Amino acid sequence: MSSSKSVRKLEVVSPVPADIDVANSVEPFHISQIAQDLNLSPNHYDLCGKYKAKVLLSVIDELEGSGDGYYVVVGGITPTPLGEGKSTTTVGLCQALGAFLGKKVVTCVRQPSQGPTFGIKGGAAGGGYSQVIPMDEFNLHLTGDIHAITAANNLLAAAIDTRIFHESTQSDKALLNRLCPPNKEKKRSFSDIMFRRLNKLGISKTKPDDLTPEEVKKFARLDIDPDSITWRRVMDVNDRFLRKITIGQGPEEKGMVRETGFDIAVASEIMAVLALTTSLADMRERLGKMVIGNSKAGDPITADDLGVGGALTVLMKDAIHPTLMQTLEGTPVLVHAGPFANIAHGNSSIVADKIALKLVGPGGFVVTEAGFGADIGAEKFMNIKCRYSGLTPQCAVIVATIRALKMHGGGPAVVAGKPLDRAYINENVAMVEAGCVNLARHISNTKAYGVNVVVAVNMFATDTEAELNAVRNAALAAGAYDAVICTHHAHGGKGAVDLGVAVQKACENVTQPLKFLYPLDISIKEKIEAIAGSYGASGVEYSEQAEKQIEMYTKQGFSGLPICMAKTQYSFSDNAAEKGAPTGFVLPIRDVRASIGAGFIYPLVGTMSTMPGLPTRPCFYDIDIDTATGKVCGLS
């Protein structure tokens, strides 16, 4: 039936066992088998053990002339804190397309952070009989990409404080002498990276000794304003006590104390750069352009000004290659990048999608997932990721659950770790219908990009036929191309065959070009207001700090970048408690920041934590190893 040789028939049991038990019940194929199914030769990838491989970017160049497959993005309605199964649906849909419908398919998903894996959320490999395996390797370390980001991020952080320290104790001439030390012939020269700073300053001289005293000062003294530094340290652990720290307290630092903090590693701009880059050369440019703060004169200071852009790229040279894995049913998966879905754009990498689209070829399918509700993930997928990739999706899947729709229809609060209220277990068609206003707005917003929208209702055992019919009717009335009930969590790909058929038809029948929500050449405020309008806001209110930052970024020449809203995922509005499809609210912009290397401006709507904390009972209580078999147990 399938074009893939490595299809595995699942023996499903009911009730569905714990995710890790399902994952461990299957022996994965050797990854070279999965690669062979995609016509990848051994020189296209590097093995990382038996079940993972790094696919090399050279594949894109080799297949440049060949056609692309269909491109599908999976988003969701505004979720409950329990999540509605976007990753599970993404995997289930691909298993259906590859193992049951005979299509060439690749799943492209984000790499999960270890912070949530050991914290409150658990892993992100999908669930039930729709998972990426080996599940423990997927959720822990993988091929070290996040560790590479951590190392690069913290090298840059060290470079910033070290430069301030040395500049504070040395004259301009002494700085130049140390930055450009004499060689054996007692001649001084600039290193290659220094020419980037010289060009930026408009200095065309090629020898350090030819610089005038004024040019020496401009070149050698970055004069970083410590209060303007936005670059923080990172680690891949949820550690709330590092959110705010004081550095420089050692006696050797001579009183150069300042406040800073740690973010979770996936919140680093370097992660966003990895996700949005299109080649090694492009990544080198983006890493060098990252702005860490300003000089006291108000000019942006970049990683290349600090001389570290090349070194950052060296630390990231292996991380740029996507990791090949497999689903429970043996269909191929590319895992790559995992940017924060609030402060960054919450999508896996452009390079993984580009490789996948070439590998599946015309008639094949690449299915990728956009983090959080479609108001955040799908909006950023279209307006940021697709702008930089030049790729056009044909279909967007919006995942909905009866549980979330009831919450939007007036149901009581859903709290992670607490039993669900009876309203979510007993039939209540009126509550479901009332909540469909949320689904309807996501459909109309997503359709506006020119794609066909298919609604996937992720079915739970307590859902009734009347409730499911209500969602299907509401989705079609709101303009969805189709709406399909799915049971992939319980049945694997077999439970998403109808969804696979609907997605194929939606892709084959797309009639419009990709349309963006806003052009890039309008002002920062106009772009923010266009996005706020899609949420249902009647206006935008800017704090004094936000006004100041918008003015500064405009003056520095960054106003042509796309906008990446940092907003709660639990409501269209800034207030997480506002369910359904609120209108008429004023969206408050508290601050505006920039990821210049990644290539976006990010306004903060309310307060965003970039370092999660651990709950009283973290997931690590359940995670252990079977010392007899070496298998991991307790991952969720």
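Parameters and conventions
- Residues numbered from 1 in each chain as written.
- Predicted model: local features only at pLDDT ≥ 70, side-chain atom pairs only at ≥ 80, totals over all residues.
- Heavy atoms only, no water.
- Helix = DSSP H or I, 4+ residues; strand = E, 2+ residues; numbered from the N terminus.
- Rg over C-alpha atoms; globule rule 2.2 N^0.38 Å.
- Contact = heavy atoms within 4.5 Å.
- Areas by Shrake-Rupley, 256 points an atom, 1.4 Å probe, with all protein chains shown as cover.
- Core = buried A, V, L, I, M, F, W, Y, C linked by side-chain atoms within 4.5 Å.
- Buried < 20%, exposed > 50% of the residue type's maximum accessible area, 1.4 Å probe, protein only.
- Axes fitted to C-alpha atoms, helices over the stretch in contact; angles between N-to-C directions.
- Parallel < 35°, antiparallel > 145°, perpendicular 65-115°, else oblique.
- Patch = residues over 30% accessible without salt bridge, like charges linked within 9 Å, V, L, I, M, F, W, Y side chains within 5 Å.
- Salt bridge = Lys/Arg side-chain N within 4 Å of Asp/Glu carboxyl O.
- Polar contact = N/O pair within 3.5 Å; in protein donor to acceptor, adjacent residues only side chain to side chain.
- Phe/Tyr/Trp six-rings, centres within 6.5 Å; stacked < 30°, edge-to-face > 60°.
- Pairing = 2+ DSSP bridges.

Outline the overall build of the chain, listing residues and values.
Helix and strand content of the chain: 22 helices and 24 strands. A globule of 636 residues ought to have a C-alpha radius of gyration of about 26 Å, and the chain, at 25 Å, matches this closely. When the backbone C-alpha atoms are referred to their principal axes, the chain occupies close to 80 × 55 × 50 Å. Across the chain, the fraction of contacts at a sequence separation of at least 24, relative to all contacts at a separation of at least 6, is 76%. For the chain, the exposed area adds up to about 25200 Å²; of that, 53% sits on carbon and sulfur atoms.

I'd love a proper account of the nonpolar core, names of residues and values included.
Side chains of a nonpolar character, in soluble globular proteins, are inclined to be buried together. Leu156, Met316 and Leu324 are the most contacted members of the largest nonpolar core, which has 83 residues in total. For Leu156, the contacting residues outside a window of four places in its chain are Trp231, Met290, Ile292, Ala303, Leu306, Val308 and Leu312.

A description of the packing of helix α21 (residues 524-535) against helix α22 (residues 544-555) should follow, citing residues and the corresponding values.
Packing of α21 against α22 brings their axes to within 10 Å, and their N-to-C directions diverge by 125°. On the basis of their axis angle, the class for α21 and α22 is oblique. The residues of α22 that touch α21, namely those facing Ile524, Lys525 and Ile528, are Glu547, Ile550, Tyr553 and Thr554.

Please provide a residue-by-residue account of a nonpolar patch on the surface, values included.
Together, Leu82, Leu420 and Ile425 line one region of the surface with nonpolar side chains, adding up to about 210 Å² of accessible area. As for its placement among the helices and strands, Leu82 is situated in the loop between β3 (70-76) and α4 (86-100).

How would you explain the side chain of Ser268 if you had to name every residue and give the values?
By the secondary structure assignment, Ser268 is in the loop between β10 (262-264) and α11 (269-276). Residue Ser268 is classed as buried on the basis of its relative accessible area, which comes to 3%. A distance of 2.8 Å separates polar atoms of two side chains, one belonging to Ser268 and the other to Asn153. If near-sequence neighbours (up to four positions away) are discounted, Ser268 is found in contact with Ile149, Asn153, Trp231 and Val234.

Mind laying out the packing of aromatic side chains, listing which residues take part and the relevant values?
Considering all chains together, one arrives at six aromatic pairs under this definition. Arranged with centres 5.6 Å apart and planes meeting at 50°, the rings of Tyr71 and Phe381 form a pair that is tilted. Of this pair, Tyr71 sits in strand β3 while Phe381 sits in helix α15 (residues 377-389), placing them 310 residues apart in sequence. In this structure Tyr71 comes out as buried when scored by relative accessible area, which is 1%. Judged by relative accessible area, which is 0%, Phe381 ranks as buried. Ring centres 5.6 Å apart and planes at 15° place the aromatic pair Phe620 and Tyr621 in the stacked group. Using a relative accessible area of 39% as the deciding quantity, one classes Phe620 as partly exposed. Ring pairs connect the aromatic residues Phe190, Phe195 and Phe219, which therefore count as one cluster.

With reference to specific residues and values, describe the pairing of strand β14 (residues 332-335).
Covered by surrounding structure in β14 are Pro332 and Leu334 together with Val333 and Val335, the residues of both alternating faces. Where strand β4 (residues 105-109) lies against β14, three bridges are found, and the strand directions are parallel. Residue pairing across strands places Val109 opposite Val335, the latter belonging to β14. Pairing of strand β13 (residues 323-327) with β14, which is carried by four bridges, proceeds in the antiparallel orientation. Each residue of the ladder has a partner; that of Met325, found in β14, is Val333. Linkage of β13 to β14, two consecutive antiparallel strands, is achieved through a turn of four residues, within which Gly330 is found at a positive phi near 85°.

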